[in-house]
Amino acid sequence: MTPMSLIRGDRVRLGVVGAGNIAAMNVAGYLDHDCCDVVAVCDPVEDRARAAAAAWGATAVHTDLAALLADDSLDAVEILTPTHLHHDHVLAALAAGKHVSVQKPIANTVEEARAMGAAADRAGLVLRVSECFRHYPPIEKAKALMAEGAIGKLSNIRIRTIVGQTDSAFQANLTADGYVWRLNALSPRGHLFDDMVHKYAMALWLAGQDIVSVQAIVRRRDLFFEPCAAIFEYEDPALLGSMEVSYAPKMWLRSRYYGADEFIEIQGDEGFLQVTRATGELLDHPPLVLYRGDETGPTTVGFTGLDADWATGFRRSSAHFVDALLEGTPAAMTADESVKVLQLCFAVYEAGNTSRPVDPRTITGSVTPTGWANW
Ligand SMILES: NC(=O)c1ccc[n+]([C@@H]2O[C@H](COP(=O)([O-])OP(=O)(O)OC[C@H]3O[C@@H](n4cnc5c(N)ncnc54)[C@H](O)[C@@H]3O)[C@@H](O)[C@H]2O)c1
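Just so you know, these numbers come straight off a predicted model, no measurement behind them.

1. Topic: the packing of helix H10 (residues 196-207) against helix H12 (residues 335-354)
Put simply, H10 and H12 touch, their axes get as near as 9 Å, and they point 115 degrees apart. Accordingly, the angle class assigned to the pair H10 and H12 is roughly perpendicular. Remark: the crossing between H10 and H12 carries right-handed chirality. Counting all contacts with H10, which are made through Val197, Tyr200, Ala201 and Leu204, the residues of H12 involved are Lys340, Val341, Leu344, Cys345 and Val348. Per-class residue counts for the contact of H10 with H12 are eight nonpolar, no polar and one charged.

Now the structure itself:
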């Protein structure tokens, strides 16, 4: 046990709450970690809980969250339940004295998210939101290069998401009930809330400063997809950002996971960084490219050796939580950061609804895009 450890022993004893579609991706990093034991699983669908526990070597199987939380030997929980349940589940876990990692989006409303952070502070426990994009090696490397000054002073961040089709085994094996709560009134909806929170998190984390104004056009397409073009003004007026989501339902793209891919372009006054993939593998480019140019000529570096498997971001995010508990180091993303991500998300919906610029810092509650039936 290190002197700064936040747990009693020298291994993290973890309970997993929710064994649905995304659980295996998250739990892989806990199973891989030398100092973590996945000891308990809870899901109200008993067969699902049993199958997951068997796959992960967990000895305790529960269908009731209170029963899992009553286990005093657990140090921490990973909450992988539908987003509308995060608030209640996180508060229950904190009240039971567990450190908490919860999936994105942190909650359905800004107030719930703030209450979760405040409860963790009061309890002196860790609450972090697992943000897999932040631990995806090409994006992490881009951030490190920016910190080293590789592109000079930051002037523009452009984040682009393409939604297409895939025949990946991952997509084919998703259970449909995992989509019901995303599409009905249990969610602020739709895709910009559910998935784009990753990209909002990147827009804030890569810049290292707040966004103070958002303008956006949000459209509605099949299922819950929402083509979008949004522009961001940051605190520093010299820094601008944009986010686009395009929808290509007849375009199959290479992906081992969902039928989507992402591109991030980061412009500085001395150079340019391009992350050329994330969820998918649409292009045969190096996953990260650095371009620098000065009076002596251009230099282009393709970082071909990076691990660009999207699943690696999940594994590393889980490992990061365990390391934070063992070493007493900060665990990303914090509740405060996650509140800002949520406000940015709702600011895009609000700007789309009103055709007016919106300051994300003024957002409270939640915002639903127009055009969604209330069922
Ligand atoms: N990081 C990512 O890229 C990523 C991807 C997908 C989903 N997610 C997030 O993960 C969470 C789960 O998403 P999903 O797609 O796996 O959903 P899902 O509906 O497939 O899984 C949720 C699971 O939680 C279980 N559950 C419901 N109530 C419960 C309770 N009281 N106690 C324990 N378990 C309970 C359900 O039975 C189900 O098995 C969501 O917040 C979602 O936004 C993140």
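2. A word on the sheet that holds strand S3 (residues 60-62)
For sheets, the rule is that strands pair by backbone hydrogen bonds, running either parallel or antiparallel. Read across the sheet, six strands follow the order S3-S2-S1-S4-S5-S6 without closing on themselves; strand pairing throughout is parallel. The open sheet has two edge strands, S3 and strand S6 (127-130), and neither has a second partner. When the angles between neighbouring strand axes are averaged without regard to direction, this sheet yields 25 degrees. Both strand S1 (residues 12-17) and strand S2 (residues 36-42) contribute to a ladder of six bridges, which runs parallel. When the bridges of S2 are listed, Val16 appears paired with Val41. Its contacts with the sheet put helix H11 (residues 310-327) on S1, S2, strand S4 (76-79), strand S5 (99-103) and S6, and the angle it makes with S6 is roughly 165 degrees.

3. Looking at the site of the ligand
For the ligand, the set of nearby residues contains 30 residues, the closest of which are Asp43, Arg48, Gln103, Lys104 and Trp181. Within the backbone of Thr81, an N or O atom sits 3.4 Å from an oxygen atom of the ligand. Protein chains bury 91% of the 850 Å² of accessible surface belonging to the ligand in isolation. Breaking the shell around the ligand down by element, the ones donating at least two residues are helix H4 (86-95), helix H8 (177-183) and H11. Counting residues per element, the shell around the ligand draws most heavily on H8, which supplies three residues. A breakdown of the residues in the shell around the ligand according to their chemical character gives 15 nonpolar, 10 polar and five charged. Taken domain by domain, the shell around the ligand gets at least three of its residues from each of domain 1 (12-130) and domain 2 (134-313 + 342-361).

4. A look at the domain arrangement of the protein
Domain boundaries in the protein define domain 1 (12-130) and domain 2 (134-313 + 342-361). A separation of 27 Å is found between the C-alpha centroids of domain 1 and domain 2. The partner domain 2 presents 24 residues to the 17 residues of domain 1 that form the contact. Interface area, domain 1 with domain 2, both sides summed: about 1,500 Å², of which 62% is carbon and sulfur. Considering only the side of domain 1, the residues that lose the most area to domain 2 are Asn21, Met25 and Lys104, jointly responsible for 38% of the buried surface there. Seen at the junction of domain 1 and domain 2, the total is two salt bridges.

Basis of the calculations
- Residues numbered from 1 in each chain as written.
- Predicted model: local features only at pLDDT ≥ 70, side-chain atom pairs only at ≥ 80, totals over all residues.
- Heavy atoms only, no water.
- Axes fitted to C-alpha atoms, helices over the stretch in contact; angles between N-to-C directions.
- Helix = DSSP H or I, 4+ residues; strand = E, 2+ residues; numbered from the N terminus.
- Parallel < 35°, antiparallel > 145°, perpendicular 65-115°, else oblique.
- Left-handed = near helix turned anticlockwise from the far one by under 90°.
- Contact = heavy atoms within 4.5 Å.
- Nonpolar A, V, L, I, M, F, W, Y, C, P; charged D, E, K, R; others polar.
- Pairing = 2+ DSSP bridges.
- Near = heavy atom within 4 Å.
- Polar contact = N/O pair within 3.5 Å; in protein donor to acceptor, adjacent residues only side chain to side chain.
- Areas by Shrake-Rupley, 256 points an atom, 1.4 Å probe, with all protein chains shown as cover.
- Domains from an automatic or database assignment.
- Buried area = accessible area lost by both parts, 1.4 Å probe.
- Salt bridge = Lys/Arg side-chain N within 4 Å of Asp/Glu carboxyl O.

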